[in-house]
Amino acid sequence: MSILFILVPVTLVLVVLAGWAFFWAVGAGQFDDLKSPAWDVLREEQPQPPPEEPARPEQ
Amino acid sequence: MSARTVDPLLLPHRSAETAPESANQGCFHCGEPLLGSRLVAQIDGRSEPVCCQGCLAVAELIAGAGLSDYYRFRERVAERPTLTEQQDAWSAYSLPDVAAQFVRSSGECDSATFAIDGLRCSACSWLVDQSLARLDGVREASTNASTGRAHVSWDRDRLDLGAVLRAIARLGYRPHPLGDDNLVQAQQRERRNALKRLLVSGFGMMQVMMFAIAIYAAQIAGERMQPELLALFRGVSLLVATPVMFYAGAPIFRSAWASVRAGGVGMDVPVSAALLLAYSASVWNTFSDSGGEIYFDSVTMFIFFLTLARFVQMSLRHRTTEVSDALARQLPACAHRVVDGEIVDAPTSDLRPSDVILVRPGEVIPADGELLQGDASVNEALLTGESLPVRRRAGEQLTAGSVNIDAPIYMRVSATAAASGLRRIAAMLQRAQAHKPALARAADAAAARFLRYVLLGAGLTAAIWLAVDPTRAFEATLAVLVVACPCAFAIAMPAALSASAAHLARKGVLIVQPDALESLAGVDRVVFDKTGTLTRGEVSVQRCIPLAELDEAQCMRIAAALERASEHPLARAFASLSSGEIADDVHTFAGAGVEGVVAGRRYRIGSPRFVAELRGAASAEAELAATVVALGDEQRELARFELRDTLRESAPGVASALRERGVVSEILSGDSSEAVAAIASRCGVTRQFARRDPTEKLSHVQALQAEGRRVAMIGDGVNDAPVLAAADVSIAMARGAGLAHASADMVLVGENLAVLPEAIDVARRTLRVARQNMIWAAVYNFGSLPLAALGFIPPWVAALGMSLSSIAVVLNATRLLPRRTVNGGVAP
């Protein structure tokens, strides 16, 4: 059971890290709008639709 | 509760096969009935029917910019864009004086925040972002769909505020620049802080619980834990619980301290007492060798639940728009002042009494004043609720906030914007809000009484145990405080309320004030405003009286052909009759009517005097009400049309559905008595009151309340705002004025009145579930209190019991959520 004396402090460190990451995320506005950013994938310039080409005949 | 978000990729794409069918579905852009319109928009090579020129322009603009993905992914149809608003109104915002009120400058960059009306889903915000990003000079544009706000920054040399506003308006939305975004920032700060607290308490609870379970497991199994390990677990629990206690729990202690200083006992007082006691005892026991219990698990769990409840409440509160913000949107930011015969644009706030200003057609009158010359047709719907334009003659008063309909008018300002009628209504609203009967206040008082007994009981327990067996005094007292802590009590109402709020949101009813449902369940009188509530607030042809040989249908056809080209609000009444015939050589005469050639003959439609002039006869009769329109050719008058507001489809059934639930309906309107009587008879409402101004409406509702009635008020205009605030429950229509929203408890998003009886059902069911929850919580609290006082319950069992009772309450509340059917739909 002595492994717990190492693992428990490790979990503490991880919790602190996770908390820090979350605080950063909140502060950076990541949680301000949970709906619109899903649309960011469409934000790039739309590729122009390829010009209508006649289907290539089977070779 | 946010509307259900749908994965856009799962939505069926509009395929070419379905396009022909859409002809009988409604407008491709706004979804409203096509009403015979033959207009067609070209979207990605397909022809889609649209209902009006406005929709056509917006749809083609969107498609032309390659943004037609908006139509595939949107969750709701768009609002119908209004073209009556003069497009060039935005150029005034380019003036440095006007822009300075809204724009913040840094370096070469200008930025501003906008509130955007008509933003309905994430697809809308994507569309706005995209269009702005394509504007030359825009550096950054971000639109938040949930708050309806956009933040845009641009290069000062290449773009100005007016151009940005115009770009948003072109898409069919109504942008309002916000001068002061302190409120937005304050709310954002509050939300971020609350989120951090929620996380700290949640993480902390999980960590501490992990160690607590290990300790309890050893106790239950009767094993002795390795003393070093026990010490480690306790030490780590202390480390984790401390930030939870003093960071996440800080607001609880602050509010408890505030209520103690105010001389009261709030819900937070015994909570704080229990938390402080449990925490300090645990700290003591961690460091002393006495082997006493630690209660960090109870402490963190407790704080987590309380923080969660606070977070939910805060989110609901943030939905309400701030009154002054909504009010600021009603008046234009810029006015055209006439100085020495020249027209100079100036900020509205600079207007002084006796200034002469020009108001162009379609613009909002910026200040109260006197009409200087000619006649004016103005729409005072914002103030009186009357949807039809009224005539004003030279020398008569014009009120700020009304819209100038057809001709440019000159007026002399009599009061500054700050002192205008609109502001007076806002002041009245604030007074009415102060008198709002709050059921929550009564509940708080009851809880406070209960809490006094709890504190008293805890004190007694401590005193008696100290006399009998001092070693067990602390444990028993703590158990009493934890057990009696009305946690289940505290979340009984919020849990039930938020579950049914989620339910109602899917039906199109948005709960703005958390305690609205509670009040709605007890309602026995529903008061409807007429215009914009029972009716659509749009005119249609009520009656056509043929005066010559042409029959009704022929007259209607000619009228529709002539009015097609007009963007006058009254002209829309004829849009539904359009046969696709188009008049040639059409001229619009501001303030009078339209002249044009249909099938080779010249006709005029408009005011009787204007029509009479075509045949060279001066009409002797006085100007009739603005709701009468004449049609004539070069020889004679052909017909008269009477225009009326149209009834909503859902209106007639509401009164009887409400009656089945024991609720009496009333109509309370500012409109004329005939108009009200007509609507009342069609809706089956017997109690009707016409010609009531906002003050009379307010006193009417207050009189009903004095009789002991619980009144729900449904309205849409700014004029309704004070009444809405005074009613026990107020419901605003989604398209109504922003100020009405601000004072409403609920908003009917779908504008479907039929959901109202349903909402009452849900509210009553909610109250039933909440009552069950309260009884359960009371049984638990009162039942366990004596046991805890007698020392039968150790604090950890008390904490567990408290959590279980809370979970039971939450599970009971989930019964209020709409049931899902197998295919993912929602059962009725």
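Throughout what follows, the structure given in this document is the object of discussion. These figures come from a predicted structure and were not determined experimentally.

Now for the overall build of chain A. In terms of helices and strands, chain A carries one helix and zero strands. Taken as a whole, chain A presents about 4900 Å² of accessible surface, with 68% of it coming from carbon and sulfur.

Another aspect to go through is the overall build of chain B. Scanning chain B from N- to C-terminus turns up 28 helices and 29 strands. Across chain B, contacts joining residues at least 24 apart in sequence account for 66% of those joining residues at least 6 apart. Working note: accessible area of chain B is about 35400 Å², and carbon and sulfur atoms make up 56% of it.

Time to look at the pattern of salt bridges. All names here are of chain B. Applying the stated criterion to the full structure yields 18 salt bridges over all chains. Here Asp-110 ties to Arg-156 by a salt bridge, and the two come within 2.9 Å at their closest N and O atoms. Of this pair, Asp-110 sits in strand 4 (residues 109-117) while Arg-156 sits in the loop between strand 6 (149-155) and helix 5 (161-170), and the two are 46 residues apart along the sequence. The exposure class assigned to Arg-156 is partly exposed, which follows from its relative accessible area of 37%. In this structure, Arg-158 engages Asp-136 in a salt bridge whose closest nitrogen and oxygen atoms are separated by 2.7 Å. With Arg-158 in the loop between strand 6 and helix 5 and Asp-136 in the loop between helix 4 (122-133) and strand 5 (138-144), the pair connects residues that are 22 residues apart, well separated along the chain. A relative accessible area of 48% means that Arg-158 is categorised as partly exposed. By relative accessible area, Asp-136 is classed as exposed at 51%.

Okay, the interface of chain A and chain B next. Of the residues lining the interface, 26 residues belong to chain A; the matching set on chain B comes to 36 residues. Taken together, the two surfaces of chain A and chain B that pack against each other cover about 2800 Å², and 67% of this comes from carbon and sulfur. Taken as a group, Asp32(A), Lys35(A) and Trp39(A) account for 25% of the area that chain A buries against chain B, more than any other trio of residues on that side. Summed over the shared surface of chain A and chain B, the result is one salt bridge. Asp32(A) is paired through a salt bridge with Arg192(B); the nearest N and O atoms lie 2.6 Å apart. At the surface where chain A touches chain B, the tally comes to five residue pairs in polar contact (both at pLDDT 80 or more). Grouping the amino acids of the side of chain A that touches chain B by side-chain chemistry returns 15 nonpolar, six polar and five charged.

Here we take up the sheet that holds strand 18 (residues 525-528) of chain B. Residue and element names in this part refer to chain B. Pairing within the open sheet is mixed, and its seven strands lie in the order 17-29-28-27-18-25-26. Each edge of the open sheet carries a strand with a single partner, namely strand 17 (509-511) and strand 26 (687-689). For this sheet, the mean inter-axis angle between neighbouring strands, taken without regard to orientation, is 20°. As paired elements, strand 25 (residues 664-668) and strand 26 share three bridges and run parallel to each other. In the sheet register, Leu-668 faces strand 26, and the bridge partner there is Phe-689. Lying over the sheet, helix 27 (residues 755-789) contacts strand 17, strand 18, strand 27 (711-715), strand 28 (729-733) and strand 29 (746-748), oriented at roughly 150° with respect to strand 18.

The next thing to look at is the side chain of His700(B). Inspection of the secondary structure assignment puts His700(B) in helix 24 (residues 694-706). With near-sequence residues (within four places) excluded, His700(B) lies in contact with Glu666(B), Leu668(B) and Phe689(B).

So, about the packing of helix 1 (residues 4-27) of chain A against helix 7 (residues 227-248) of chain B. For the pair helix 1 of chain A and helix 7 of chain B, the least separation of the axes is 10 Å and the interaxial angle reads 15°. For the element pair helix 1 of chain A / helix 7 of chain B, the angle class is roughly parallel. At the point where helix 1 of chain A passes helix 7 of chain B, the crossing takes the right-handed sense. Seen from helix 1 of chain A, the contacting residues are Leu4(A), Phe5(A), Val8(A), Leu12(A) and Phe23(A); seen from helix 7 of chain B, they are Glu228(B), Leu229(B), Leu232(B), Phe233(B), Val236(B), Leu239(B), Val240(B) and Tyr247(B). Tallied by class, the residues present in the contact of helix 1 of chain A with helix 7 of chain B amount to 12 nonpolar, no polar and one charged.

All names here are of chain B. Grouped together as the largest cluster of nonpolar side chains are 58 residues, with contacts concentrated most on Tyr-70, Phe-114, Leu-132, Leu-161 and Tyr-173. Considering each element in turn, this core owes the most residues, seven residues, to helix 5. When residues of this core are assigned to domains, at least three map to each of domain 1 (8-83) and domain 2 (89-181). Beyond its immediate sequence surroundings of up to four residues, Tyr-173 is in contact with Tyr-70, Ile-116, Asp-117, Gly-118, Leu-119, Cys-124, Leu-127, Val-128 and Ile-168.

Residue and element names in this part refer to chain B. With antiparallel pairing, the three strands of this open sheet are ordered in space as 13-12-15. At either end of the open sheet lies a strand with only one pairing partner, and these are strand 13 (390-392) and strand 15 (403-404). Here strand 12 (residues 376-379) runs beside strand 13; their pairing, made up of three bridges, is antiparallel. Looking at the pairing, Val-378 lines up with Val-390 of strand 13.

What follows is about unusual backbone geometry. A positive phi angle is found at Ser354(B), which is not glycine, with a value near 80°. Its location among the elements puts Ser354(B) in the loop between strand 9 (342-347) and strand 10 (356-359).

This brings us to the environment of Thr113(B). Residues and elements named next belong to chain B. You can see Thr-113 is positioned in strand 4. Residue class for Thr-113 comes out buried when judged on its relative accessible area of 6%. It is 7.8 Å that separates the C-alpha atoms of Thr-113 and Phe-102, two residues lying 11 residues apart in sequence.

Turning to the environment of Arg166(B), a few remarks are in order. All names here are of chain B. Tracing the backbone through its elements, the reader meets Arg-166 in helix 5. Judged by its relative accessible area of 26%, Arg-166 falls in the partly exposed class. It is 5.9 Å that separates the C-alpha atoms of Arg-166 and Trp-90, two residues lying 76 residues apart in sequence.

Attention now moves to the side chain of His336(B). Residues and elements named next belong to chain B. Relative to the elements of secondary structure, His-336 occurs in strand 8 (residues 334-339). Of the residues examined, His-336 reaches a relative accessible area of 6% and is grouped as buried. Other than its neighbours up to four places away in sequence, His-336 contacts Ile-343, Val-344, Asp-345, Val-356, Ile-357, Leu-358, Arg-360 and Glu-363.

Residue and element names in this part refer to chain B. Between helix 8 (residues 250-261) and helix 9 (residues 268-287), the least distance of the axes is 8 Å, while the angle of their chain directions is 125°. Taken together, the axis directions place helix 8 and helix 9 in an arrangement best described as oblique. As helix 8 runs across helix 9, the sense of the crossing is left-handed. Touching Ile-252, Phe-253, Ser-255, Ala-256, Ser-259 and Val-260 of helix 8 are Asp-268, Val-269, Val-271, Ser-272, Leu-275 and Leu-276, all from helix 9.

Residues and elements named next belong to chain B. What helix 22 (residues 651-660) keeps buried is the set Ala-651, Val-654, Ala-655, Ala-657 and Leu-658. Where helix 22 is buried, its residues touch strand 18, helix 18 (530-534), strand 24 (637-647), strand 25, helix 23 (673-683) and helix 27. Looking one or two places after helix 22, you find Gly-662, whose phi comes out positive at around 75°.

Our next topic: helix 8 of chain B. Residues and elements named next belong to chain B. Taking 1.5 Å of rise per residue, the 12 residues of helix 8 would be expected to cover 16 Å, and the 16 Å separating its terminal C-alpha atoms lies within 8% of that figure. Among the residues making up helix 8, those that are buried are Ala-250, Pro-251, Ile-252, Phe-253, Ala-256 and Ser-259. Just beyond helix 8, the residue with positive phi is Gly-263, at close to 85°.

Rules of the game
Residues numbered from 1 in each chain as written. Chains lettered and ligands numbered in written order. Predicted model: local features only at pLDDT ≥ 70, side-chain atom pairs only at ≥ 80, totals over all residues. Heavy atoms only, no water. Helix = DSSP H or I, 4+ residues; strand = E, 2+ residues; numbered from the N terminus. Areas by Shrake-Rupley, 256 points an atom, 1.4 Å probe, with all protein chains shown as cover. Contact = heavy atoms within 4.5 Å. Salt bridge = Lys/Arg side-chain N within 4 Å of Asp/Glu carboxyl O. Buried < 20%, exposed > 50% of the residue type's maximum accessible area, 1.4 Å probe, protein only. Buried area = accessible area lost by both parts, 1.4 Å probe. Polar contact = N/O pair within 3.5 Å; in protein donor to acceptor, adjacent residues only side chain to side chain. Nonpolar A, V, L, I, M, F, W, Y, C, P; charged D, E, K, R; others polar. Pairing = 2+ DSSP bridges. Axes fitted to C-alpha atoms, helices over the stretch in contact; angles between N-to-C directions. Parallel < 35°, antiparallel > 145°, perpendicular 65-115°, else oblique. Left-handed = near helix turned anticlockwise from the far one by under 90°. Core = buried A, V, L, I, M, F, W, Y, C linked by side-chain atoms within 4.5 Å. Domains from an automatic or database assignment. Expected span 1.5 Å × (residues − 1).

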